[in-house]
Amino acid sequence: MALGRSRRGERTIDYWPGFVDALSTLLLVFVFLLSVFVLAQFVLTQEIGTKDDAMARLQAQIRQLTDQLALERASTSDTDSEIGALRASLSKLEQERDLLREAAAAIATPEEIAAAETRAVELARKLGNEQDSVAQAAAQIAILNEQISALRRQIAALEEALSISEQKDKESQSRLADLGRRLNVALAQRVQELTRYRSEFFGRLSAILGNRPGIRQVGDRFVFQSEIFFDLASSQMRPEAASALDDIAKALADLEREIPPDIAWVLRVDGHTDNRPIQTPQFPSNWELSAARSIAVVQYLASKGISPKHLVAAGFGEYQPLDPADTDEARARNRRIELKLTER
């Protein structure tokens, strides 16, 4: 009678696993979107840093060219002052020459005329030197004007390049934001699709496995007591395990054909043991035992045609107990194999 009441209690609909399934899926989506956002922020930061370095270099070049332009303008001003002084000196020399000519015309003695001619030759020589200096200064001014024009063209080109760089930076940021939005939408769609297939898979397993003893659904995973598949302290599969695993392999093969190839998914097989230590040549610790059991299940599913790229084996040892109590019943619950359909 107690067994009958226990079985009727097991058939009662438990909504809590579905709620946990939805909550865990929502948490996975949130964590995934947060990761994408952090990645987009990192890429954007790298892009902006590169643009800032380029702008800093351009601004440094502009400051250098501005300093050169200021020096050239100062040099031009000094040259203009020098030319003015040379022209004043030339005018003074011309006045002296005219005065000497007038004096020479007024004085008729040969000595004075010879002295005047000598003075006139010397003044003519100085005048020629001054004219040469003026010509050199004019040539330097022309060169400086050409250099100033070239500097102005360089500054204009740098300003244009800076403007183009800023425009490209704005366009890149806009494209990055749009890409991030589209990526978020695509990932959300993939997560929704995987969630739908996961629900279908667990629905099929629930229908196939029914109310078999030692098998239950906890949240987003199916839990099998280890005794269904293995003897104590052993990773050799029992003959009775083939029935349950064949049903799982059939449901998984159907799902493998239905899920699009662009959705990255795996069936994770987790092995768990109780907290009693084990130390044998084959299994130095419970980690080795739990990993060996999960690998044995994965290998069996692969032998039934399931693609190995959709299978993952994990061993947790005694470190993820369902029941922390130190009793035989708690240890029996903790010895288990868990199946979870998740993204890769």
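What you are looking at is a predicted structure, and each value in this text was computed from that prediction instead of being measured.

Student: Teacher, can you tell me more about the overall build of the protein here?
Tutor: For the protein, the count of helices and strands is 7 helices and 5 strands. Starting at the N terminus and walking to the C terminus, you meet the elements of the protein as α-α-α-β-β-α-α-β-α-β-α-β. Burial status across the protein gives 30% buried among its 344 residues. If you take every contact in the protein between residues at least 6 apart in sequence, the share linking residues at least 24 apart comes to 76%. Accessible surface, the protein as shown: approximately 21,300 Å² in total, 57% of it carbon and sulfur.

Student: I would appreciate a short explanation of the UniProt feature "coiled-coil region" (unreviewed entry) in the protein in the present structure.
Tutor: UniProt records the feature "coiled-coil region" (unreviewed entry) for residues 48-103 and 134-168 in the present numbering. Summarising residues 134-168: 100% helix, 0% strand, and an end-to-end C-alpha distance of 51 Å.

Student: What exactly am I supposed to notice about the sheet that holds strand β1 (residues 215-218) here?
Tutor: In any sheet, the strands associate via hydrogen bonds between backbone groups, in a parallel or an antiparallel arrangement. Ordered in space as β1-β2-β5-β3-β4, the 5 strands form an open sheet in which the pairing is mixed. With partners counted over all chains shown, the strands left at the sheet margins are β1 and β4 (311-315), one partner each. Put simply, the sheet's adjacent strands are angled 25° from each other on average, direction ignored. Sheet topology note: the strand β3 (residues 265-272)/strand β5 (residues 336-343) ladder contains 8 bridges and is antiparallel. Note on β5: the bridge partner recorded for Val266 is Thr342. Contacting β2 (221-225), β3, β4 and β5, helix α5 (residues 241-258) crosses the sheet at an angle of about 155° to β3.

What counts, and at which threshold
Along each chain, the written sequence defines residue order, and numbers are assigned to residues from 1. A pLDDT threshold of at least 70 governs which residues receive local features in this predicted model, and a stricter bar of 80 or more applies before side-chain atom pairs are shown or counted, although totals over entire chains, interfaces and linings include all residues. Calculated side-chain values reflect all of the structure's heavy atoms, with hydrogen atoms and water omitted. Numbering of helices and strands runs from the N terminus; a helix is a DSSP stretch of H or I covering at least four residues, while a strand is a stretch of E covering at least two. Exposure categories follow from relative accessible area, calculated using a 1.4 Å probe and restricted to protein chains: below 20% of the type maximum is buried, above 50% is exposed, and the middle band is partly exposed. It only takes one pair of heavy atoms within 4.5 Å for two residues to be counted as in contact. Per-residue accessibility takes into account occlusion by the displayed protein chains alone, with areas from the Shrake-Rupley method and a 1.4 Å probe. UniProt positions are given in the numbering used here, feature names are shortened, and annotations may be inferred rather than shown by experiment. For two strands to be treated as a pair, DSSP must find no fewer than two bridges joining them. Lines fitted to C-alpha atoms define the axes here, with helix axes fitted over just the stretch in contact, and angles between the N-to-C directions of these axes take values from 0 to 180 degrees.

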